[in-house]
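So you can see what is in the structure, the chains are spelled out below.
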Amino acid sequence: MLTEWGVRDEDVLVHSLGCSAWNMLGQDLGFMALTECPAPMTHGADIRADSTWFDREQRKPKVLIEFERFDGTARGQQKLDEKIRNLLEASMRWNNSPSVLILSAWNKGIVTAPDTEKLLSRCRDGFKSSVGVQLPPLQSVTVLFSRFIFEVEKSGCLFLKQTRCVRLA
């Protein structure tokens, strides 16, 4: 659907397809992949990663993924910051069992590039959660920033044209 059929940017369709694609990849790589899996509640705020990949033998999450629209604006950057903070806090709630955190952003056409340095500083410096808990800097966790870049065809449908991935930490 993303690469051949094209999809309309309606409601949360692209988000649903992106989460499904990440879950399929997790399953193909041998994980048990779940959508909207809540992290344990230890600090009062509900956090659900869009895709959580569990190691089948250890029965612990190894990969947490957030899939978010990015429009190139300051508000879009703020949403990415919220999502990286969710990933970092969820990792802590899972007793740091995830070894990989993936922030995956998607956009339509050409937009201003996300400020990955700001995202990296969250990982390096830690932060205070919305309920006032200090989260320390990450250790021994790989953080990836993935992009799904869609083109809008004359029909109005979106087609996935590129994916990119860089390591933040």
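The structure under discussion appears in the preceding block.
Below or above, wherever it landed, is the structure these notes cover. (Residues numbered from 1 in each chain as written. Predicted model: local features only at pLDDT ≥ 70, side-chain atom pairs only at ≥ 80, totals over all residues. Heavy atoms only, no water.)

With that out of the way, let us pick up the overall build of the protein. Scanning the protein from N- to C-terminus turns up three helices and eight strands. The order of helices and strands in the protein, counted from the N terminus, is α-β-β-β-α-β-α-β-β-β-β. For a compact globule of 169 residues, the expected C-alpha radius of gyration is about 15 Å, and the protein comes in at 16 Å, within 12% of that figure. Considering only C-alpha atoms, the protein reaches an extent of 45 × 35 × 25 Å along its principal axes. (Helix = DSSP H or I, 4+ residues; strand = E, 2+ residues; numbered from the N terminus. Rg over C-alpha atoms; globule rule 2.2 N^0.38 Å.)

To continue, consider the environment of Leu-138. Tracing the sequence through the fold places Leu-138 in the loop between β6 (134-135) and β7 (142-152). In the structure, Leu-138 is positioned 15 residues away from Cys-123 in sequence and 5.5 Å away in space, judged by C-alpha atoms. Those residues in contact with Leu-138 that sit more than four places away from it in its chain are Leu-88, Leu-101, Cys-123 and Val-143. (Contact = heavy atoms within 4.5 Å.)

Okay, the environment of Val-63 next. With respect to the secondary-structure elements, Val-63 resides in strand β3 (residues 61-69). Taking the relative accessible area as the measure of exposure, Val-63 reaches 6% and is therefore buried. Spatially, the C-alpha atom of Val-63 lies 8.7 Å from that of Gly-26, the residues being 37 residues apart in sequence. What Val-63 contacts, discounting residues up to four positions off in sequence, is Ser-51, Thr-52, Trp-53, Pro-98, Val-100 and Ile-102. (Buried < 20%, exposed > 50% of the residue type's maximum accessible area, 1.4 Å probe, protein only.)

Here the focus is the sheet that holds strand β1 (residues 32-38). The six strands are arranged β1-β2-β3-β4-β7-β8 in an open sheet whose pairing can be described as mixed. Of all strands in the sheet, those bounded by a partner on one side alone are β1 and β8 (158-167). Looking at each pair of strands side by side, their axes are set apart by 25 degrees on average, direction ignored. The pairing of β1 with strand β2 (residues 48-54) spans six bridges and is antiparallel. When the bridges of β2 are listed, Ala-33 appears paired with Trp-53. (Pairing = 2+ DSSP bridges. Axes fitted to C-alpha atoms, helices over the stretch in contact; angles between N-to-C directions.)

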